[in-house]
Amino acid sequence: MDGISRVLTGTRTTGELHLGHYVGALKLWLDAQRSDSDCFFLLADVQALTTHADRPELIRKSVRDVVLDWLAVGLDPTLPNVHFVLQSGVKARFELSQYFLMIANLTEIRRNPTVKAEMKGVRYPTMGFLTYVVDQAADIYMLSPLNVGGNELMVPVGADQVPHLEYSRKLARRFNKAYETNVFRPCTAKVGEVGRLVGIDGQEKMSKSKGNAINLSDSAEEVTRKIMGMYTDPNRLRATDPGTVEGNPLFTYFDAFATDRAEVDEYKRLYQLGQIGDVPLKRRLAVIVNEILGPMRERRLKAESMKLGEIVQEGTFAASIIAEEVVTRAKEAMFVGFPE
Ligand code: ATP
Ligand code: MG
């Protein structure tokens, strides 16, 4: 990651994390933490409120659950370059968000394809929901690398976030141009190998809110139960019928989680010929997924006795120091404040 000085990314604290987060986001985060970049992982408790303000108990529980999930996958905040940041704890980001709102326009937000898709699931969109894309730009650019080596801010995300990242860049460029400054340095999205993992019900996205997820904290039995019941090829009635591999979640999962490519190719061949049933394949997939989740279960047990509050406090403080300076510079550029 040459030239990348900072990495910022996050999770909404709306529930437990699942396999989609793992392949779509967290694997990239693990790569980032192994690099020289300073990594800021955001517990997006404010963004969670944009759709879940009526569920305070869920938010309360989820902040801790997400930290445990992060520790379980192997993120390590004891490394000097890794920070867990509580979004609501960084005061300067609220200021920056307000300034970005002044240069964002409603039409461009309405055109955002991810917002459009999410809007369908929200019965009464709040003002916070309508503007969350702008607010997210503040989360990113509060860490604009002003004084450090390397000039790039990298944002590893799932595919649904790409339009948001493009929009953040647009706002930053607009700001820099309008106020003749370079306070906001370029940010780059990075999408993992699996940008969008399908749900076990075949829906296009495994999601916390859709009940179609295999959680990282599920027990081995639960994982097996979910996989045995997962959606495959609806047109295949018997194991001897030729099956479809393309778009079949069973094979999407094999591709995402199996390490032995030759094994997966052989399953695909047999499936298409009608020479292997769903049941043995699902059993095998459950073993593969449980092999990945096993070490996570062990790390989670250890994490439960760690001082999680202190970890989050340290990371939030580190981000706040940077954000304060960026906001001061942004305000100067905008001539906000009493004139000299
Ligand atoms: P919610 O439904 O509450 O928005 P979510 O499952 O979309 O929850 P987020 O916290 O919004 O989770 O997303 C965290 C990160 O994980 C983002 O980068 C997002 O793109 C990625 N991500 C979420 N679901 C998937 C998925 N099914 N496949 C790949 N990446 C995903
Ligand atoms: Mg989401």
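This structure is a prediction, so every number in the text was calculated from the model and none was measured. (Residues numbered from 1 in each chain as written. Chains lettered and ligands numbered in written order. Predicted model: local features only at pLDDT ≥ 70, side-chain atom pairs only at ≥ 80, totals over all residues. Heavy atoms only, no water.)

J.: What's the story with the domain arrangement of the chain in this structure? I'm lost.
T.: Bring the parts together and some accessible area is lost; that lost area is often taken as the interface size. Examined at the domain level, the chain breaks down into domain 1 (4–197 + 311–334) and domain 2 (218–300). Between domain 1 and domain 2, the C-alpha centre-to-centre distance is 33 Å. With both sides pooled, the region where domain 1 packs onto domain 2 buries about 950 Å², and carbon together with sulfur makes up 74% of that total. Ranking the residues of domain 1 by area buried against domain 2 places Leu19, Ala72 and Leu197 at the top, with a combined share of 50%. Our count for the contact surface shared by domain 1 and domain 2 stands at 1 salt bridge. A salt bridge links Asp69 to Arg300, with the shortest nitrogen-to-oxygen separation between them at 2.5 Å. Those elements that provide at least two residues to the side of domain 1 that touches domain 2 are α1 (19–34) and α3 (56–73). Element by element, the count of residues in the side of domain 1 that touches domain 2 is highest for α3, at 5 residues. Its residues placed into classes, the side of domain 1 that touches domain 2 shows 9 nonpolar, 1 polar and 1 charged. (Domains from an automatic or database assignment. Buried area = accessible area lost by both parts, 1.4 Å probe. Salt bridge = Lys/Arg side-chain N within 4 Å of Asp/Glu carboxyl O. Helix = DSSP H or I, 4+ residues; strand = E, 2+ residues; numbered from the N terminus. Nonpolar A, V, L, I, M, F, W, Y, C, P; charged D, E, K, R; others polar.)

J.: Could you clarify how one ought to interpret the site of ligand 1 in this entry?
T.: Lining the immediate surroundings of ligand 1 are 22 residues, of which Arg12, Asp160, Leu197, Lys205 and Ser209 lie closest. Interatomic distance of 2.8 Å between a side-chain N/O atom of Thr14 and an oxygen atom of ligand 1. In the environment of ligand 1, an oxygen atom lies 3.2 Å from a nitrogen or oxygen atom belonging to the side chain of Lys208. For ligand 1, the accessible surface in isolation is 600 Å², of which the surrounding protein chains cover 94%. (Near = heavy atom within 4 Å. Polar contact = N/O pair within 3.5 Å; in protein donor to acceptor, adjacent residues only side chain to side chain. Areas by Shrake-Rupley, 256 points an atom, 1.4 Å probe, with all protein chains shown as cover.)

J.: Is there a simple way to think about the layout of surface pockets in this case?
T.: In this approach a probe as big as a water molecule rolls over the atoms, and the regions it shows empty are the leftover space. In this structure, the second largest pocket spans a volume of roughly 310 Å³. Contributing to the lining of the second largest pocket are 17 residues, with Tyr22, Val23, Lys27, Glu193 and Ala256 lying nearest its centre. Residue assignment places the lining of the second largest pocket across two domains, with domain 1 (4–197 + 311–334) and domain 2 (218–300) each supplying three or more. (1 Å grid on protein atoms, 1.4 Å probe; cavity = no way out; pocket = protein on both sides within 12 Å on 5 of 7 lines; lining within 4 Å. Points joined across faces, edges and corners; volume = space filled by probe spheres on them.)

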